[in-house]
Amino acid sequence: MRYEDSIRQIKGVGEKAEQRFHKLDIRTVGDLLEHYPRAYDEFHDIVKIAEAEEGEMTALEGVIAGRPSLYSNGKLKIISIVLQDETGKITVTWFNMPFLASRLKMGTRYIMRGKIGRKNGKLVLEQPKLYSKNEFFKLVGRMHPIYPLTSGLTNHMVEKAVGEALNSVEEVTEFLPADLRKRQELLGYKKALHDIHFPKNQVEYRKARKRLVFDEFFLYQAALQAIRVRNYPKSMYVMEKKQELETFVQNLPYSLTQAQKKVYGEIEQDMTGGITMNRLVQGDVGSGKTVVAVMALFLTVCNGAQGAFMVPTEVLAIQHKESLEAMLSSYGIRIGLLIGSMTAKEKREGKEKLASGEWDIVVGTHAILQDNVEFANLALVITDEQHRFGVRQREKLMEKGDVPHVLAMSATPIPRTLALVLYGDMDLSIMDELPANRLPIKNCVVGTDYRPQAYRFMKEQIDKGRQIYIICPMVEEKDEVELESVTVYAEQLKSIFPPDISIDFLHGKMKPKEKNEVMQHFVEGATDILVSTTVIEVGIDVPNATVMMIENAERFGLAQLHQLRGRVGRGKEQSYCILMYGKESKEGKERLSILAGSNDGFEIARQDLKLRGQGDFFGVMQSGDKLFSLADIYEDAGLLKAANEEAKRYAFDEVSMFYKKNRRLVEKLNSYMGNVSL
Ligand code: ADP
Ligand code: MG
């Protein structure tokens with residue numbers, strides 16, 4: 001069996017299973033082997049009942065004291081017993097497993113393993129599995145992989161398929177040079193691949209992970225180098241400064257912050273200085289990046305060329321197009337929109353206008369990247385919310401012009417040292433100031449019992465003419481549950497609020513057209529409360545919205561919460577963020593209180609890192625274009641730097657030799673970076 005063989009070749013994977021694997025984007029043996037566990041279940045030794053701790057997966061051994069009791073709680077059928085050892089007693093419960101009642105024998109010894117929870121103030125062992133001594137001691141001391149799953153695919157099925165694949169895959173090519181591996185103390189590829197799935201212990205796991213994380217970074221860094229080699233530093237579009245720009249700035253309804261002026265200055269220097277701009281602007285949510293981008297576009301159009309503005313969602317594209325028009329159309333600048341949900345006719349006409357130069361600026365989604373989109377003379381490419389795009393897409397857009405200037409904008413706070421490595425091919429501008437008219441957002445962290453009060457508060461805000469966002473988490477990304485929770489929630493709200501308050505909802509499963517309409521109503525102020533999943537998180541700007549309430553806030557990463565919160569506090573009114581936790585947990589509360597204590601994205605990133613030792617902070621990026629599967633740029637910052645240095649040691653064609661040894665790697669690289677010709 002080889003990497004590129006279909007997963008159907010694996011023993012035990014039939015047609016049904018194949019389809020389910022496809023849902024996870026696993027098509028080949030190689031895909032499966034790179035479907036890494038998301039966590040491991042470590043079987044520890046048996047614990048005495050008196051020493052059991054809440055929240056831990058725990059194995060207990062004891063005898064059953066008393067008869068099992070059976071009762072119902074709503075639809076749930078519950079069996080409960082008391083387990084006893086020489087140190088104490090604990091209640092054990094199972095849901096919907098009535099057949100257990102006849103299996104459990106009073107006075108018999110059992111090993112049971114499950115999670116320790118708390119009920120009515122007392123510890124309970126929940127939903128444990130039963131083991132014989134023999135079974136249990138075979139499992140103890142090992143780490144069992146836990147995989148990302150989809151419905152119909154059990155962990156056991158994935159584990160088995162991976163095991164089969166590892167056994168029968170013929171050749172796993174080592175592609176890193178031996179001296180590099182020695183310098184960086186890296187495991188061989190084959191061993192790393194085996195151990196990441198089935199490590200015996202933490203040490204093995206960490207070694208395997210180190211090797212695979214290094215690979216991801218190294219690949220990325222080497223490809224960045226290749227791009228650098230290919231970039232022409234000399235610009236095809238040397239621009240002139242324009243008087244009109246000063247008029248534009250004077251006519252804005254506000255004055256620019258010092259940071260906005262500084263960053264625009266850096267952009268202008270690039271574009272007028274004879275080099276090809278390749279710049280990343282990093283600025284916290286609400287720092288006013290859009291207007292800086294608009295100024296760069298204005299300069300471009302005044303110089304007789306075209307600009308493209310690419311954003312990650314249609315909703316955002318529509319909004320940006322409108323705010324660009326509001327700022328620019330009085331200067332005779334023509335702006336077009338190109339998004340997937342337009343009709344074929346609209347798209348065709350748009351493309352004609354771009355090709356003829358009738359449009360000066362196009363705002364759009366990935367639709368701009370299509371092969372048949374041509375420009376008359378594209379001189380500036382802007383990507384907003386850069387973390388949502390791969391380098392590949394930025395590259396693809398560049399290919400549409402004769403080496404245009406590139407400006408990328410991102411609200412993800414990455415420390416400067418890391419940004420330099422991660423976006424190694426770009427110059428960096430930092431916008432570290434919010435507009436002066438802003439009142440800091442007031443935050444609170446509350447339990448669900450606060451909900452009625454929160455609703456009353458919202459009603460007051462609506463009476464003052466303000467608007468509200470409520471975010472419900474999607475329970476399982478690939479499930480229907482997402483849709484359920486948002487629509488059901490919105491329905492419930494309607495019965496709570498008076499009928500003249502208009503409530504609408506938004507979720508990822510809606511058609512783009514519907515989403516755009518819902519968003520448009522909210523932007524126009526026709527909707528008072530918008531219940532949404534995180535689809536709302538990127539870029540949207542509705543300054544009249546003053547309340548953001550996030551349900552089950554403990555389920556989100558801090559970066560994501562910070563982005564979500566950034567949807568309010570954009571105007572001159574006082575804004576509020578209500579972080580509601582659904583499940584009481586000390587750790588969760590502590591995390592949320594970081595957010596309540598600061599409105600500064602960089603500060604939050606630092607704190608999160610300190611608290612957790614590793615960030616899910618960068619989760620934002622991973623949920624978008626998944627650049628790395630295992631690597632975490634915060635946690636693995638050291639390896640990232642090492643990979644960067646290693647990549648620099650090798651000449652361009654040497655690097656290309658490593659890749660040529662392994663077709664799969666070339667493919668992977670191309671999917672990171674676009675057509676890097678190695
Ligand atoms: P982000 O950096 O998150 O993309 P935006 O560019 O969307 O932020 O700007 C947020 C809001 O702040 C917008 O409503 C914009 O009009 C406003 N804004 C931008 N610059 C300033 C400024 N210098 N003074 C006051 N308001 C500003
Ligand atoms: Mg923005």
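Model, not experiment: these values are computed from the prediction.

1. Quick word on the sheet that holds strand β21 (residues 576–581)
Phase 1 of the analysis: In space, the 6 strands of this open sheet follow the order β16-β21-β20-β17-β19-β18, with parallel pairing throughout. Each edge of the open sheet is held by one strand with a lone partner, namely β16 (442–447) and β18 (503–506). Averaged over neighbouring strand pairs, the angle between their axes works out to 20° when direction is ignored.
Phase 2 of the analysis: Pairing of strand β17 (residues 467–471) with strand β20 (residues 545–550), which is carried by 5 bridges, proceeds in the parallel orientation. Considered in β20, the bridge of Tyr 469 is made with Met 548.
Phase 3 of the analysis: Packed onto the sheet, helix α19 (residues 558–565) meets β16, β17, β20 and β21 and runs at close to 150° relative to β20.
Phase 4 of the analysis: Sitting on the sheet, helix α20 (residues 586–597) is in contact with β16 and β21, with an inclination near 160° to β16.

2. Some details on the site of ligand 1
Phase 1 of the analysis: Contacts to ligand 1 come from 18 residues, most closely from Gly 286, Lys 289, Thr 290, Arg 438 and Asp 541.
Phase 2 of the analysis: In this structure, Gln 260 approaches ligand 1 through a side-chain N or O atom, which is 2.9 Å from a nitrogen atom.
Phase 3 of the analysis: The contact in question runs from an oxygen atom of ligand 1 to an N or O atom on the backbone of Ser 287, over 3.4 Å.
Phase 4 of the analysis: Coverage of ligand 1 by the protein amounts to 88% of the 570 Å² it exposes when considered alone.
Phase 5 of the analysis: A breakdown of the residues in the shell around ligand 1 according to their chemical character gives 5 nonpolar, 8 polar and 5 charged.

3. Points about the side chain of Ser 532
Phase 1 of the analysis: With respect to the helices and strands, the residue Ser 532 is situated in strand β19 (residues 529–532).
Phase 2 of the analysis: If we skip the residues at most four places from it in the chain, Ser 532 touches Ile 470, Ile 471, Cys 472, Val 486 and Leu 506.

About the criteria used
- Each chain has its residues counted from 1, following the order in which its sequence is written.
- Starting at A for chains and at 1 for ligands, labels are handed out in the order in which the entities are written.
- Only residues with pLDDT of at least 70 are given local features in this predicted model, and only at 80 or more are side-chain atom pairs given and counted; all residues enter the totals for whole chains, interfaces and linings.
- Computation of side-chain values covers all heavy atoms of the structure but excludes hydrogens and water.
- Here the rule is simple: two strands pair whenever DSSP picks up at least two bridges between them.
- Numbering of helices and strands runs from the N terminus, with a helix taken as a DSSP run of H or I at least four residues long and a strand as a DSSP run of E at least two residues long.
- Only C-alpha atoms enter the line fits that serve as axes; for helices the fit covers just the stretch in contact. Angles between N-to-C directions range over 0 to 180 degrees.
- Note on contacts: a residue pair qualifies if any of its non-hydrogen atoms lie within 4.5 Å across the two residues.
- Whether a residue is near a molecule or strand depends on its heavy atoms: it is near if one of them lies within 4 Å of it.
- Any N or O atom pair separated by 3.5 Å or less is treated as a polar contact, with the protein-specific requirement of one donor-capable and one acceptor-capable atom, and with residues adjacent in sequence counted only for side-chain atom pairs.
- Shrake-Rupley sampling with a 1.4 Å probe provides the accessible areas, and residues are treated as covered by the protein chains on show and by no other component.
- Residue polarity is assigned by list, with Asp, Glu, Lys and Arg as charged and Ala, Val, Leu, Ile, Met, Phe, Trp, Tyr, Cys and Pro as nonpolar; anything else, Gly included, falls into the polar class.

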